[in-house]
Structure formats: structure tokens, C-alpha cells
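Results of the structural survey
Now for the letters of each chain:
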Amino acid sequence: MTTRYDQPRAVARAGNEVIRRLAEAGVSVAGTSALRVRGRRTGKLRGVVVNVLTVDGRRYLISPRGNTEWVRNARAAGVVQLGPSWRSRDYPLVEVPDEAKPALLQEYLRRWYWEVKGHVGGLTPQSTEGELQRVAPTIPVFELQA
């Protein structure tokens, strides 16, 4: 996997914090969900807001910004909590191989490009299969296990 991390600026972090708090309270903004994962060093739960992509009944987490803190923590923990704080559930994760990512990335971009543009390695909803394959190694994708 190629390492890329498009770190959010202060304004984006502040906006994400507001949306995360809403998601924690059970209010979804454009399909957002609250995600919590144990920190690698502290063991404390860390929260972030994500969009859960559902394709053919399977649920996926995609990190358009690349190798973020939540991604590194999720890899180490192997499990995440998803949902509002009062009814969250643990989900084991399986990382999706690079060759399976293009179709998932295409669908993710179709749904949320307006939200993540500029943070997906230059991809757009019109990106070709070759462009998706080229950038796929820089975008972590996990399947949530039931």
C-alpha cells in the first residue's frame, strides 16, 4: 500500500467535529455515521465521522484522505464501533485488496464526491478504471463484518 495522508486543516477539523457530535447523538448529515476506534498508544476510544458505503448488501468504510489516524488505529485494533453513542455496535474489519477497490471507489465518488472532492487523490466520479486502479493503493477500504 502506498502511504498518503491528506491531513485536514483547522476549519475542516472543526466542521467534522460538529458533524461527529451530531452523528454521536443519532443525527445523520448526508448519510454520516459515528465511528469510534481504540487508539494504538492510549487504548482510549477516538471518534470520527464517516460515510458507510453499502454495495450488494455489504458495508464498507473508505478513507478518502488516505492513511489517517482512524485507519491506523482500525488496522491495529481490527474492530471499530459504529453508530450513535447510545446504540453503537462493534464490527470486525477486513481490509479490501487494491484490485477490488476501483468499483467501490467509483460508487463512493458517485455518492459523496461533493463532500470529499480534493481529498481522494485527484479522482472524480468520471475517473477511468485505470485512474481508479492507480490511486486505489492510497485509499484504505475496509469491509465491515457482521
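Above this note sits the structure.
What comes next concerns the included structure. (Residues numbered from 1 in each chain as written. Predicted model: local features only at pLDDT ≥ 70, side-chain atom pairs only at ≥ 80, totals over all residues. Heavy atoms only, no water.)

**Brief notes about the pairing of strand β6 (residues 141–144)**
For a regular strand, side chains alternate in direction, first toward one face of the sheet and then toward the other. Neither face of β6 is open: one carries V141 and E143, the other F142 and L144, and all of them are buried. Taken together, the 4 bridges between strand β3 (residues 58–62) and β6 define a ladder with antiparallel strand orientation. When the sheet's bridge partners are listed, L61 is paired in β6 with F142. Here 3 bridges tie strand β5 (residues 89–95) to β6, and the two strands are oriented antiparallel to one another. Bridge pairing in β6 places V94 opposite E143. (Buried < 20%, exposed > 50% of the residue type's maximum accessible area, 1.4 Å probe, protein only. Helix = DSSP H or I, 4+ residues; strand = E, 2+ residues; numbered from the N terminus. Pairing = 2+ DSSP bridges.)

**Focus: unusual backbone geometry**
The backbone phi angle of D56 is positive, close to 50°, even though this residue is not glycine. Checked against the element boundaries, D56 lands in the loop between β2 (45–55) and β3.

**Here's the deal with the environment of A146**
Here A146 lies in the segment after β6. Residue A146 is classed as exposed on the basis of its relative accessible area of 91%. A sequence separation of 88 residues divides A146 from R58, and the C-alpha atoms of the two residues are 9.0 Å apart.

**Observations concerning the packing of aromatic side chains**
The geometry of two aromatic rings is summed up by the distance between their centres and the angle between their planes. Taken as a whole, this structure holds 2 aromatic pairs when the rule is applied. The interplanar angle of 50° and the centroid separation of 6.0 Å between the aromatic rings of W70 and F142 together place this pair among those described as tilted. With W70 in helix α2 (residues 69–77) and F142 in strand β6, the pair connects residues that are 72 residues apart, well separated along the chain. The interplanar angle of 55° and the centroid separation of 5.1 Å between the aromatic rings of Y108 and W112 together place this pair among those described as tilted. (Phe/Tyr/Trp six-rings, centres within 6.5 Å; stacked < 30°, edge-to-face > 60°.)

**Some points on the sheet that holds β2**
Pairing between sheet strands relies on hydrogen bonds along the backbone, with the strands arranged either parallel or antiparallel. One closed barrel accounts for 6 strands, arranged β1-β2-β3-β6-β5-β4; its pairing is antiparallel. Taken pair by pair, the neighbouring strands of this sheet meet at an average axis angle of 45°, ignoring direction. Relative to strand β1 (residues 32–38), α2 is tilted by about 55°, and along the sheet it contacts β1, β2, β3, β4 (79–82), β5 and β6. Strands β2, β3 and β6 of the sheet are contacted by helix α3 (residues 101–116), whose axis makes an angle of about 110° with β2. (Axes fitted to C-alpha atoms, helices over the stretch in contact; angles between N-to-C directions. Contact = heavy atoms within 4.5 Å.)

**Section: the nonpolar core**
Membership of the largest hydrophobic core comes to 17 residues, with the highest contact counts inside it found for L53, I62, L104, L105, L123, I139 and V141. For this core, the secondary structure elements donating two or more residues are β3, α3 and α4 (129–135). Looking at this core, the element that brings in the most residues is α3, giving 6 residues. Excluding its chain neighbours within four sequence positions, the residues that come into contact with V141 are Y60, L61, I62, V94, E95, V96, K101, L104 and L105. The next biggest cluster of nonpolar side chains, apart from the first, holds 14 residues, and it includes V37, L61, L93 and L144. (Core = buried A, V, L, I, M, F, W, Y, C linked by side-chain atoms within 4.5 Å.)

**As for the environment of P92**
Structurally, P92 can be placed in strand β5. Beyond its immediate chain neighbours, meaning those up to four positions away, P92 contacts G78, V79, E143, L144 and Q145.

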